[in-house]
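Each chain, written out:
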Amino acid sequence: MSTDLTGQRVLVIGGSRDLGLAVARAAASAGAVVIIGARDEQKASDAAASIQNAEWVRMDITDEASVEAGLAGAGKIDHIVILTAAHHNVPVDRLDHDRTVTAFEAKVIGPLMVAKHAAAVLAPTGSIVLFSGVAAWNPQKGFSVMGITNGAVSFAASHLAKELAPIRVNAISPGIIDSGSWDGMGANKQKFLQEAAGGNLVGRWGASSDIADAVVWLLSATFVSGETIHVEGGARHY
């Protein structure tokens with residue numbers, strides 16, 4: 001199967017840093033013109049400047065008007081990849097209502113609004129890739145919001161695939177990825193990654209390229225829709 005995206009335009013929402021930026025760069029390397037969508041204009045502009053022929057639009061996925069304006073500003077789009085998240089990882093008895101709502105807006109409601117407005121601008125041969133995560137399948141105390149929202153993303157992929165057909169909708173479910181998002185852990189990061197490597201079937205943690213390559217494949221996989229692709233070293237089966 002070809003992964004050549006030459007001549008196609010790929011909007012990466014949440015593409016200004018870490019895993020999103022890796023996905024944007026992989027799509028560009030496959031020949032696509034990439035549009036970085038992010039709430040922070042400076043970060044979006046800087047990310048686009050680091051990729052040849054890339055563009056950027058401001059888009060706050062928790063604001064429907066911003067989503068609609070961002071899609072209009074992006075022009076012709078062949079594919080959309082959505083990596084937004086707003087974590088609220090606390091025990092259930094410490095949940096904050098507003099932060100819980102924001103987590104659902106970033107991971108579930110916002111992508112639904114993207115789908116609502118993207119249906120009119122995507123080509124029939126286009127696709128949307130959502131981001132779920134292994135937390136949905138490995139329940140742990142203190143991570144209920146992350147697990148529930150990620151699980152909802154998987155259901156969203158199958159339901160939206162039906163609603164938007166022939167536009168394809170799929171989800172990627174990553175495991176623990178050394179994408180830069182864990183760098184704030186400082187000296188504890190290496191121990192965390194080593195523990196993650198010991199908790200899956202392949203015995204290593206993930207690299208950004210593992211996920212970026214899977215996304216590029218999905219953008220090219222014209223006979224795949226409604227699926228969640230698990231890229232987590234078999235952590236669900238450990």
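As the structure is a prediction and not an experimental result, all values here were calculated from the model.

**Comments concerning the overall build of the protein**
Piece 1. Along the protein, the regular secondary structure elements total seven helices and nine strands.
Piece 2. Its C-alpha atoms give the protein a radius of gyration of 17 Å, within 12% of the compact-globule value 18 Å for 238 residues.
Piece 3. In the protein, 68% of the contacts between residues at least 6 apart in sequence involve partners at least 24 apart.
Piece 4. Looking at the protein as shown, the accessible area adds up to about 11500 Å², and 53% of this sits on carbon and sulfur atoms.
Piece 5. Considering the protein, the positive charge centre built from 18 side chains and the negative charge centre built from 23 side chains are found 4 Å apart.

**Let's talk about the packing of helix 1 (residues 18-29) against helix 7 (residues 208-220)**
Piece 1. Taken N-terminus to C-terminus, the directions of helix 1 and helix 7 make an angle of 50°; their axes are 9 Å apart at the nearest point. Here helix 1 is positioned oblique relative to helix 7, judged by the angle of their axes. Relative to helix 7, helix 1 is oriented so that their crossing is right-handed. Residues Leu19, Ala22, Val23, Ala26 and Ala27 of helix 1 lie in contact with helix 7, whose contacting residues are Ser208, Ile211, Ala212, Val215 and Val216.

**Focus: the pattern of salt bridges**
Piece 1. Across all of its chains, the model carries eight salt bridges by this definition.
Piece 2. Notably, a salt bridge pairs Arg17 with Asp18, separated by 3.0 Å at the nearest N-O pair.
Piece 3. The closest approach of N and O atoms between Asp210 and Arg204, which form a salt bridge, is 3.0 Å.
Piece 4. Overall, Arg204 belongs to the partly exposed group, its relative accessible area being 42%.
Piece 5. Connected via shared salt-bridge partners are Asp178, Asp183 and Lys189.

Scoring rules and cut-offs
Residues numbered from 1 in each chain as written. Predicted model: local features only at pLDDT ≥ 70, side-chain atom pairs only at ≥ 80, totals over all residues. Heavy atoms only, no water. Helix = DSSP H or I, 4+ residues; strand = E, 2+ residues; numbered from the N terminus. Rg over C-alpha atoms; globule rule 2.2 N^0.38 Å. Contact = heavy atoms within 4.5 Å. Areas by Shrake-Rupley, 256 points an atom, 1.4 Å probe, with all protein chains shown as cover. Lys, Arg positive; Asp, Glu negative; His and termini not counted. Charge placed at Lys NZ, Arg CZ, Asp CG, Glu CD. Axes fitted to C-alpha atoms, helices over the stretch in contact; angles between N-to-C directions. Parallel < 35°, antiparallel > 145°, perpendicular 65-115°, else oblique. Left-handed = near helix turned anticlockwise from the far one by under 90°. Salt bridge = Lys/Arg side-chain N within 4 Å of Asp/Glu carboxyl O. Buried < 20%, exposed > 50% of the residue type's maximum accessible area, 1.4 Å probe, protein only.

Honestly, it's all geometry; don't read function into it.
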